[in-house]
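# A closer look at the structure
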Amino acid sequence: MSTDIPKLFGTSGIRGEYQKEVTPELALDVARALAKYIGGEGKKVVIGRDTRTTGKIFENIMSAGLQECGCDVLLLGMVPTPTVGYATLKKGADAGIMITASHNPSKYNGIKLWNADGLAYKQEQERIIEKMVFEEDFDKKSWDKLGKEYDISSFKDEYIDAIIEVSKIDSEKPLKVVVDCASGAGSKLSPEALRRAGMNVITLNAQPDGFFPGRNPEPNSANLQELMKTVKVIGADIGLAHDGDADRMIAVDEKGRLSDFDKLLTIMAKEFGGTVVTTVDASACLDTQMKKIGGQVLRTPVGDVHVAESINENNATFGGEPSGTWLHPDFCMCPDGLLSGLRIVKCVQDNGPLSEQLDAIESYPTIREKITCPNNKKEEVMKIVEEKFTDEFDDINEILSIDGVRVSFNDDSWVLIRPSGTEPYVRITAEAKTEENLNRIGEISRNFLENII
Ligand code: MG
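Each value, and the rule that gives it
Residues numbered from 1 in each chain as written. Predicted model: local features only at pLDDT ≥ 70, side-chain atom pairs only at ≥ 80, totals over all residues. Heavy atoms only, no water. Helix = DSSP H or I, 4+ residues; strand = E, 2+ residues; numbered from the N terminus. Rg over C-alpha atoms; globule rule 2.2 N^0.38 Å. Buried < 20%, exposed > 50% of the residue type's maximum accessible area, 1.4 Å probe, protein only. Areas by Shrake-Rupley, 256 points an atom, 1.4 Å probe, with all protein chains shown as cover. Lys, Arg positive; Asp, Glu negative; His and termini not counted. Charge placed at Lys NZ, Arg CZ, Asp CG, Glu CD. Donors = N, O, S within 2.8 Å, 3.2 Å for Na, K, Ca; no water. Axes fitted to C-alpha atoms, helices over the stretch in contact; angles between N-to-C directions. Left-handed = near helix turned anticlockwise from the far one by under 90°. Contact = heavy atoms within 4.5 Å. Phe/Tyr/Trp six-rings, centres within 6.5 Å; stacked < 30°, edge-to-face > 60°. Pairing = 2+ DSSP bridges. Polar contact = N/O pair within 3.5 Å; in protein donor to acceptor, adjacent residues only side chain to side chain. Parallel < 35°, antiparallel > 145°, perpendicular 65-115°, else oblique. Core = buried A, V, L, I, M, F, W, Y, C linked by side-chain atoms within 4.5 Å. Expected span 1.5 Å × (residues − 1). Salt bridge = Lys/Arg side-chain N within 4 Å of Asp/Glu carboxyl O. Right-handed = clockwise from strand over helix to strand, strands pointing away.

### Some details on the overall build of the chain
From N to C terminus, the chain includes 14 helices and 19 strands. By the compact-globule yardstick of 22 Å for 453 residues, the chain fits well, its C-alpha radius of gyration being 22 Å. The principal-axis extent of the C-alpha atoms belonging to the chain is close to 70 × 60 × 40 Å. Burial statistics for the chain: of 453 residues in total, 57% are counted as buried. Summing over all exposed atoms, the chain offers an accessible surface of approximately 18,400 Å²; the carbon and sulfur share of this is 45%. Side-chain charges of the chain comprise 53 positive and 73 negative groups, with the mean position of each set lying 3 Å from the other.

### Some thoughts on the coordination of the magnesium ion
Distances from the magnesium ion to its protein donors, Ser102 (OG), Asp243 (OD), Asp245 (OD) and Asp247 (OD), fall within 2.0 to 2.2 Å. Of note, the magnesium ion draws all its donor residues from one chain, in the sequence arrangement S-x140-D-x1-D-x1-D. Of this pair, Ser102 sits in the loop between strand S4 (95–99) and strand S5 (108–115) while Asp247 sits in the loop between strand S9 (238–242) and strand S10 (249–252), and the two are 145 residues apart along the sequence. By relative accessible area, Ser102 is classed as buried at 6%. The exposure class of Asp247 is buried, given its relative accessible area of 7%.

### Some details on the packing of helix H6 (residues 189–196) against helix H11 (residues 337–351)
Look at H6 against H11: their axes get within 10 Å of each other, and the N-to-C directions meet at 35°. Note on packing geometry: the crossing formed by H6 with H11 is right-handed. Where H6 abuts H11, its residues Leu189, Ser190, Ala193 and Leu194 lie against Leu338, Leu342 and Val345.

### Regarding the packing of aromatic side chains
On inspection of all chains with the given rule, the structure shows eleven aromatic pairs. Seen from their ring centres, Tyr86 and Phe331 are 4.4 Å apart, and the 20° between their planes marks the pair as stacked. Here Tyr86, found in helix H3 (residues 81–90), pairs with Phe331, found in the loop between strand S14 (325–327) and H11; they are 245 residues apart in sequence, far enough to count as distant. For the pair Tyr86 and Phe331, one class covers both residues: buried. Ring-pair connections join several aromatic residues into one group, and the members of that group are Tyr86, Phe155, Tyr159 and Phe331.

### Structural notes on the sheet that holds strand S18 (residues 414–419)
Strands sit in the order S15-S19-S18-S17-S16 across an open sheet of five strands; the sheet is antiparallel. Edge positions in the sheet fall to strand S15 (366–372) and strand S16 (396–400), since each of these pairs with one other strand and no more. Shown here is a sheet whose adjacent strand axes are inclined to one another by a mean of 15°, direction ignored. Inspection of the sheet shows strand S17 (residues 405–409) paired to S18 by four bridges, in the antiparallel sense. Residue Val405 lies in a different strand from S18, and its bridge partner there is Ile417.

### Here we look at the side chain of Lys112
Tracing the backbone through its elements, the reader meets Lys112 in strand S5. In terms of polar contacts, Lys112 uses its side chain to reach the side chain of Asp304, at 3.2 Å. Among residues more than four places away in sequence, those in contact with Lys112 are Ser12, Gly96, Ile97, Met98, Ala120 and Asp304.

### Section: the sheet that holds S14
The mixed open sheet is built from four strands, whose spatial order is S12-S11-S13-S14. The open sheet has two edge strands, strand S12 (296–300) and S14, and neither has a second partner. Each strand of the sheet is rotated relative to its neighbour by a mean of 20°, with strand direction disregarded. In this structure, strand S13 (residues 318–321) lies alongside S14, joined through three bridges in antiparallel fashion. For Gly320, the partnering residue across the bridge sits in S14 and is Trp326. Running at roughly 175° to S13, helix H8 (residues 261–272) makes contact with strand S11 (275–279), S13 and S14 of the sheet.

### Concerning the packing of H8 against helix H9 (residues 285–292)
Between H8 and H9, whose axes approach to 9 Å, the crossing angle comes to 20°. Judged by the angle between their axes, H8 and H9 are roughly parallel. Crossing of H8 against H9: the hand is right-handed. For the pair H8 and H9, the contacting residues are Asp262, Lys263, Leu265, Thr266, Ala269 and Lys270 in the first and Cys285, Leu286, Gln289 and Met290 in the second.

### Looking at the nonpolar core
Among the nonpolar cores identified, the biggest contains 72 residues, and Leu240 and Ile344 are the most heavily contacted of them. When neighbours within four sequence positions are excluded, Ile344 is seen to be in contact with Ile238, Leu240, Met249, Ala251, Leu264, Ile267, Met268, Trp326 and Leu354. Counting residues in each nonpolar core, the second largest holds 30 residues, with Ile14, Val30, Cys71 and Ile97 among its members.

### What about H11?
Counted at 1.5 Å a residue, the expected span for H11 with its 15 residues is 21 Å, and the 21 Å between its end C-alpha atoms agrees. Looking one or two residues beyond H11, the residue adopting positive phi is Gly352, at roughly 95°.

### Looking at the pattern of salt bridges
Tallying each qualifying case throughout the model produces 28 salt bridges. The closest approach of N and O atoms between Lys20 and Glu17, which form a salt bridge, is 3.7 Å. A single network of salt bridges, built from pairs that share partners, joins Asp157, Asp161, Glu192 and Arg196.

### Observations concerning the pairing of strand S8 (residues 200–204)
As paired strands, strand S7 (residues 176–180) and S8 are joined by five bridges and run parallel to one another. Residue pairing across strands places Val177 opposite Val201, the latter belonging to S8. Chirality of the crossover, the property in question, places the unit of S7, H6 and S8 among those that are right-handed.

All we've got here are geometric facts, nothing functional implied.
Set out below in C-alpha cells:
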C-alpha cells in the first residue's frame, strides 16, 4: 500500500481538535468508507458517543453517511465506550463506532471503530479505511436502497445487567462507594450499575456535561484530589474514577490514597490467575506476584488493541495496561471501566480493605528518563539498540523487541528503551529491586544511548 496516504488513525482511533484535525466532513467520509468496507447494503452499525458538545453532530453525520451507503444504524446515544463494544457483539452488528476523545479536553473529539466481535479495529484495518477515505472509494446507494436508523438506547439496561452478573459482586455485602465520572460517558451508567448491585453509592461529577466543569477527564492524581478527600472524609470503603469515555477505571483506597496503577492491575490479575497480558511498560510487580500463584505474564506493545489480540491468541484470563485500561475476556474484548469498577469492589468484599491489598504488593524503585533524539534519527538509533544494547549486560533473562527494546534480568529487574511516538525523545524506563542496581542499569542505558545518538 502506498505510503503517501495521510494517517488519520493514531494509537487509539482518530483523535484531534474539533474543526482542526477532526471535522464533520472527515467523519462523513469515514462512515462512507466503513459502510463499503463491511459490505454495504443490509449491514448494521452501532453508534455511541460520549458527553462532548460536538458528539451529536458527529453522530448525525456518521449515521447519514452509513445510511447513504445502505447500512442500518443502531443508535445507543450517550454511553460509555464498552457499551458500544458489547452492543456490537450482542446485536450481531457488523461494526461499532464510538465518538469520543477519551481523556482529552472538551474541544477534542474522535472516532474509534469496533469489529463485530467487540474487538477494536487493528492497524491494518485502519489503513484500509484511510485509503478509502483518501481515494473517496465509496459506494453510495440510490433512493430506494438506503439504510434506516433505529433507537437502541434501551440496550443500556441489558448492558448493566450483564456486567453486574459477570462481576459476581455480592449485593448482600453493601459497601460505601464514591464514584467520580468526570461528567463523562460513565456519568449515568456507572453509579447506576453500582446501585443496582446493592452498593451504597455517592457520586461526584455525575451530571453529563461536555465542558467537564468538575474536573479534567484524565484520571490522574492532580484531577482526583476531590475524590480522594471525599472518600476519606465520609469514611467510604473505596473510590472509583473514570476517564471521559469510561473505558478506564482507577481506584482510591479507604484511606483516600490514589492507588498505584500497576499494583491495582496486579490485584485484579491475581484474582483471575493463569495467563494474563500486559504491555511492555508495566511494572515487574505483576510478574513477581503472578509467579507466586503459578501464573504467567505475557507482554505486548502499548495499546489496548494489542492486549486484546494477545488475550485471544493465548487464551488469557485477563489483560490490562497500567493506565487503568482493563480487558475482561469472559465478558467482551472492549476495555470496560464500569466492569473494572464492579470487580475491584468485589475484590474488597472478598479480600478486605483495598489499602491492605495494595500495601501487600512489593513495589520497586523505578526511573523514567528521556534522552533528546531528533525524530529522523529514531529509526537508526533503535536499530543499533536492537543489535548492540544487550551486549552491555550479562544477566539477561529475556529480550523483547515488540515495542522498543525491553531487557529483563534474572532478578525481575528490567529496562525498556522506547522512542516517543510524538516527541523528539527516546525514553528509558527501568525498574530494579535495589536503588544500587537501578542506578547501574540506568547509567549503562543512558551512556549507551548518548554514545549512539
Ligand atoms: Mg478512554
